[in-house]
Amino acid sequence: MTYKLACPGCGERVSRQRAFLYPRLNDSCRACGTKFRVGTAGWIASLMVVTLDVLCYEACQKHLISRYLGIALVLLTCVAATWLLPYFAPVVRTSKATQ
Ligand SMILES: [Zn+2]
């Protein structure tokens, strides 16, 4: 799988820590200054993760699954999203390098 969460100008990867702990709508590359944002496919993938978490919560509320299974499924989807979303979230260049 190709790591798609990278600068479209120079190809430098955006770390998972930076992407998930400090999310921004528009980001700029630290190496070359190119500005970019996550594309539509990345937003759709992120919304799918949120939808899965909401479905787990609703299943717990309706006693379809146990509370512990619901917590485990939410944690599992969050870990899987952190690991997999950079492979399914291509970026779109919004402006050229400023440096
Ligand atoms: Zn760059």
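Note that the coordinates shown come from a computational prediction; the quantities given were computed from them, not determined experimentally. Residue positions are counted from 1 within each chain, in the order its sequence is given. Where local features are concerned, this predicted model is filtered to residues with pLDDT of at least 70; where side-chain atom pairs are given and counted, the filter is 80 or more; whole-chain, interface and lining totals use all residues. Computation of side-chain values covers all heavy atoms of the structure but excludes hydrogens and water.

Draft legend 1. Focus on the overall build of the chain. Going along the chain from the N terminus, every DSSP run of H or I of four or more residues is numbered as a helix, and every run of E of two or more is numbered as a strand. Within the chain, the regular secondary structure consists of three helices and three strands. Across the chain, helices and strands are ordered from the amino to the carboxyl terminus as α-β-β-α-α-β. Over its C-alpha atoms, taken along the principal directions, the chain stretches across nearly 55 × 25 × 20 Å. Only heavy atoms matter for contacts: two residues are in contact if any of them lie within 4.5 Å across the pair. The contacts in the chain between residues at least 6 apart in sequence include a share of 64% that link residues at least 24 apart. We treat Lys and Arg as the positive residues and Asp and Glu as the negative residues; His and chain ends play no part in the count. Where a charge lies is defined by one atom per residue type: Lys uses NZ, Arg uses CZ, Asp uses CG and Glu uses CD. Between the centroid of the 12 positive side chains of the chain and the centroid of its 4 negative side chains there is a distance of 8 Å.

Draft legend 2. Molecular detail of the coordination of the zinc ion. Sites may look incomplete because water is not among the atoms; the donors themselves are N, O and S atoms within 2.8 Å of the metal, or within 3.2 Å for Na, K and Ca. Cys7 (SG), Cys10 (SG), Cys29 (SG) and Cys32 (SG) make up the full set of protein donors to the zinc ion, lying at 2.3 Å. When four donors show all angles between 85 and 135 degrees the site is tetrahedral, when four or six donors have opposite pairs over 155 degrees and all other angles between 65 and 115 it is square planar or octahedral respectively, and in every other case it is irregular. Coordination geometry of the zinc ion: the four donor atoms subtend angles of 103 to 117° at the metal centre, consistent with an arrangement described as tetrahedral. In primary-sequence terms, the residues that donate to the zinc ion follow C-x2-C-x18-C-x2-C.

Draft legend 3. Looking closely at a nonpolar patch on the surface. The residues that make up patches have over 30% relative accessible area and no salt bridge, and they are joined within 9 Å when like-charged or within 5 Å when they are Val, Leu, Ile, Met, Phe, Trp or Tyr. In this description, accessible areas are obtained by the Shrake-Rupley approach with a 1.4 Å probe, and a residue is regarded as covered only by the protein chains that are shown. Salt bridges are identified by distance alone: a Lys or Arg side-chain nitrogen within 4 Å of an Asp or Glu carboxyl oxygen. Judged by side-chain polarity, Tyr68, Ile71 and Leu75 come together as a nonpolar surface patch covering roughly 370 Å² of accessible area. The residue Tyr68 is located in helix α3 (residues 67-88) in this model. The class for Tyr68 is exposed, based on a relative accessible area of 66%. Each residue gets one of three labels from its accessible area relative to the maximum for its type: buried under 20%, exposed over 50%, partly exposed in between, using a 1.4 Å probe on protein chains only.

Draft legend 4. Structural context of helix α2 (residues 40-61). The length a helix should cover is 1.5 Å for every residue beyond the first. Compared with an ideal rise of 1.5 Å per residue, which puts 22 residues at 32 Å, α2 spans 31 Å between its outermost C-alpha atoms and is within 8% of the ideal. Looking at α2, one finds that the buried residues are Gly42, Ala45, Val49, Asp53, Cys56 and Ala59. Seen from one end, α2 has its buried residues packed into an arc of 125°, which puts them on one side. Among the exposed residues of α2, those pointing more than 90 degrees away from its buried face are Thr40, Leu47 and Leu55. Looking at the buried positions of α2, the neighbouring elements they touch are β2 (35-38) and α3. Taken from the residues just after α2, His63 is the one with a positive phi, measuring 60°. What the arc describes is the spread of directions from the helix axis to the C-beta atoms.

Draft legend 5. Looking closely at the packing of α2 against α3. At their nearest, the axes of α2 and α3 sit 9 Å apart, and the two run at 175° to each other. When the interaxial angle is binned, α2 and α3 end up roughly antiparallel. Facing Ala41, Gly42, Ala45, Ser46, Val49, Leu52, Asp53, Cys56 and Cys60 of α2, the residues of α3 in contact are Arg67, Gly70, Leu73, Val74, Thr77, Cys78, Ala81, Leu85 and Phe88. Grouping the constituent residues of the contact of α2 with α3 by class yields 12 nonpolar, four polar and two charged. Axes here refer to lines fitted to C-alpha atoms; in helices the fit is confined to the stretch in contact. Angles between the N-to-C directions go from 0 to 180 degrees. Here the word oblique covers every angle except those under 35 degrees (roughly parallel), over 145 (roughly antiparallel) and from 65 to 115 (roughly perpendicular). Polar here means any residue outside two lists: the nonpolar Ala, Val, Leu, Ile, Met, Phe, Trp, Tyr, Cys and Pro, and the charged Asp, Glu, Lys and Arg; Gly therefore counts as polar.

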